[in-house]
Amino acid sequence: MAASFRSLTRAVSQPAARRLRPSAASITLSTVQTRLHSSKHPKGFEAPTSEDLDELRERVQEFTRREITEEVAAHTDKSNAFPNEMWPKLGEAGFLGITADEDVGGLGMGYQAHAVVMEEISRASGSIGLSYAAHSQLCVNQLQLNGSPEQKKKYLPGLIAGTKIGALAMSESGSGSDVVSMRTSAKKVDGGHLLNGSKMWITNGPDADLIVVYAKTEPDKGSKGITAFLVETKTDGFSCARKLDKMGMRGSNTGELMFDNVFVPEENVVGSVNGGVRVLMEGLDLERLVLSAGPLGIMQAALDVALPFSHQRKQFGSPIAHNQLVQGKLADMYTKLQAARAYTYATAKQVDEQGVIRTQDCAGAILYAAERATECALDCIQLLGGMGYVEEMPASRLLRE
């Protein structure tokens, strides 16, 4: 599997693809945030062809059929526990370093490729997909974008191999979207900083070996007084206070983290001191974009369940799929999936081929996909009738995810 992905990467990196530049109009629009892809992609990156992405999708589907079966997905949900043996398998397959440089073990690919992997893993299990994204996008890609050469060399190989688990910690119990209101502090001491405070709703928090943590270094400066740190969870003073028992995404381990005089050496500052909001915003649009592929996988999974069932289930001597109302629901599910998929991949393609990151489209893609996924999951339950209400079928899990 890994060898196949290496060959795919070499094919993607052939100089045949022409790198497009943003138009002057797209650069001058004040309402559009644009950045050049040279700073957002791995070294030597060339945009993939549709054939490259199709081959990648086939490889991921082969992996999920073998490793993330329906039994694995159901057990992950019911046990409220991520199958940690999955991490090295994901690493061996090459999925954990999609957007990382090849010299640290990554595949050197882009955001279309990352969305493909996210979609197909989420199709098999939304919980495993969410933890995958928190590791590969929120941690690995953040480090790829903003880490120093020394930080990348030290941490990325283990994260990409799946021998180390990554996370990102921004939210607190009193500050979610309002980042500037965070209370976690970082006091300057000899050789580094001491972190004190707590973080809430942290995906992979109970299991993580390395966490990108945001804390206030100069509280009086507001958004200009926040710094990003790389925190090793084996450090004295760090603890996971509790693992959260969630309604959905249950197999994606989520926790409340505590920092009690956690010492972080100076070399573990990501970016610059007081430059944490810039680091955060550098990755936020791309995180939303890649995460929007999660609901796409869930919508596809809902169709995977509802479509064959509607042809097998008979009432009054005929499959219910012959009923025009049922056909209408299936058509709506399919159309919502394709519309959301088109939005996500068009936005990712623009990032890969033109180097243009539109904040409103990255946010719009995940907003649209998430809302349509909820509707498709509800329709799946309706189409299954009574079977949609029992745990023998995955419909309720899809709705909760």
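Residues numbered from 1 in each chain as written. Predicted model: local features only at pLDDT ≥ 70, side-chain atom pairs only at ≥ 80, totals over all residues. Heavy atoms only, no water.

A. Summary view of the pattern of salt bridges. In total, this model carries 25 salt bridges according to the counting rule given. With its nearest N and O atoms 3.4 Å apart, the salt bridge here joins Glu266 to Lys188. In this pair, Glu266 sits in the loop between β7 (254-265) and β8 (269-270) while Lys188 sits in strand β2 (residues 185-189), placing the two residues 78 residues apart along the sequence. Between Lys221 and Glu218 there is a salt bridge, with its nearest N and O atoms 3.3 Å apart. For Lys221, a relative accessible area of 45% translates into the label partly exposed. One network of salt bridges, with partners in common, ties together Arg57, Glu119, Glu120, Arg123, Asp304 and Arg341. (Salt bridge = Lys/Arg side-chain N within 4 Å of Asp/Glu carboxyl O. Helix = DSSP H or I, 4+ residues; strand = E, 2+ residues; numbered from the N terminus. Buried < 20%, exposed > 50% of the residue type's maximum accessible area, 1.4 Å probe, protein only.)

B. Fine view of the domain arrangement of the chain. Segmenting the chain into domains produces domain 1 (50-165), domain 2 (169-274) and domain 3 (277-400). Each of domain 1 and domain 2 has a C-alpha centre, and these two points are 23 Å apart. Contact with domain 1, which involves 26 residues of that partner, is made by 23 residues of domain 2. Both faces considered, domain 1 and domain 2 share a buried interface measuring about 2,000 Å² in area, 50% of it formed by carbon and sulfur atoms. Interface area lost by domain 1 to domain 2 is led by Asn80, Tyr155 and Ile165, which between them contribute 32%. Seen at the junction of domain 1 and domain 2, the total is one salt bridge. Close ionic contact of Lys154 with Glu232 constitutes a salt bridge, the shortest N to O distance being 3.6 Å. Taken together, domain 1 and domain 2 are joined by 15 residue pairs in polar contact (both at pLDDT 80 or more). (Domains from an automatic or database assignment. Contact = heavy atoms within 4.5 Å. Buried area = accessible area lost by both parts, 1.4 Å probe. Polar contact = N/O pair within 3.5 Å; in protein donor to acceptor, adjacent residues only side chain to side chain.)

C. Spotlight on the packing of helix α10 (residues 293-312) against helix α12 (residues 359-384). For the pair α10 and α12, the least separation of the axes is 9 Å and the interaxial angle reads 15 degrees. By the angle between their axes, α10 is roughly parallel relative to α12. The handedness of the crossing between α10 and α12 comes out as left-handed. In this structure, α10 uses Pro295, Leu296, Met299, Ala302, Val305, Ala306 and Phe309 to contact α12, whose residues at the interface are Ala369, Ala370, Arg372, Ala373, Cys376, Cys380, Leu383 and Leu384. (Axes fitted to C-alpha atoms, helices over the stretch in contact; angles between N-to-C directions. Parallel < 35°, antiparallel > 145°, perpendicular 65-115°, else oblique. Left-handed = near helix turned anticlockwise from the far one by under 90°.)

D. Seen up close, the UniProt feature "domain: Acyl-CoA dehydrogenase/oxidase C-terminal" (unreviewed entry) in the chain. With numbering matched to this structure, UniProt assigns "domain: Acyl-CoA dehydrogenase/oxidase C-terminal" (unreviewed entry) to residues 274-401. The span residues 274-401 carries 77% helix and 3% strand; its end-to-end C-alpha distance comes to 36 Å. (UniProt positions renumbered as here; feature names shortened; annotations may be inferred.)

E. Structural context of the nonpolar core. Membership of the largest hydrophobic core comes to 62 residues, with the highest contact counts inside it found for Leu90, Phe95, Ile121, Tyr132 and Met333. Inspection of this core shows a minimum of three residues originating in each of domain 1 (50-165) and domain 3 (277-400). Filtering out sequence-adjacent residues up to four positions away, Met333 remains in contact with Ala302, Leu303, Ala306, Cys376, Asp379, Cys380 and Leu383. Listed in part, the 23 residues of the second largest apolar core include Leu143, Leu156, Leu168 and Leu280. (Core = buried A, V, L, I, M, F, W, Y, C linked by side-chain atoms within 4.5 Å.)

F. Geometry of the UniProt feature "domain: Acyl-CoA oxidase/dehydrogenase middle" (unreviewed entry) in the chain. Sequence positions flagged by UniProt for "domain: Acyl-CoA oxidase/dehydrogenase middle" (unreviewed entry) are, in local numbering, residues 167-262. The distance from the first to the last C-alpha atom of residues 167-262 is 17 Å, and the span holds 0% helix and 51% strand.

G. The arrangement of the confidence of the model for the chain in detail. Per-residue pLDDT for the chain averages 91, and the proportion of residues at 70 or more is 91%. Below pLDDT 50 for its whole length, residues 1-7 participates in 16 contacts with residues either more than four positions away or in separate chains. Here residues 9-38 is a poorly scored stretch, pLDDT under 50, and it has 53 contacts once near neighbours within four places are set aside; other chains count. (pLDDT = per-residue confidence, 0-100.)

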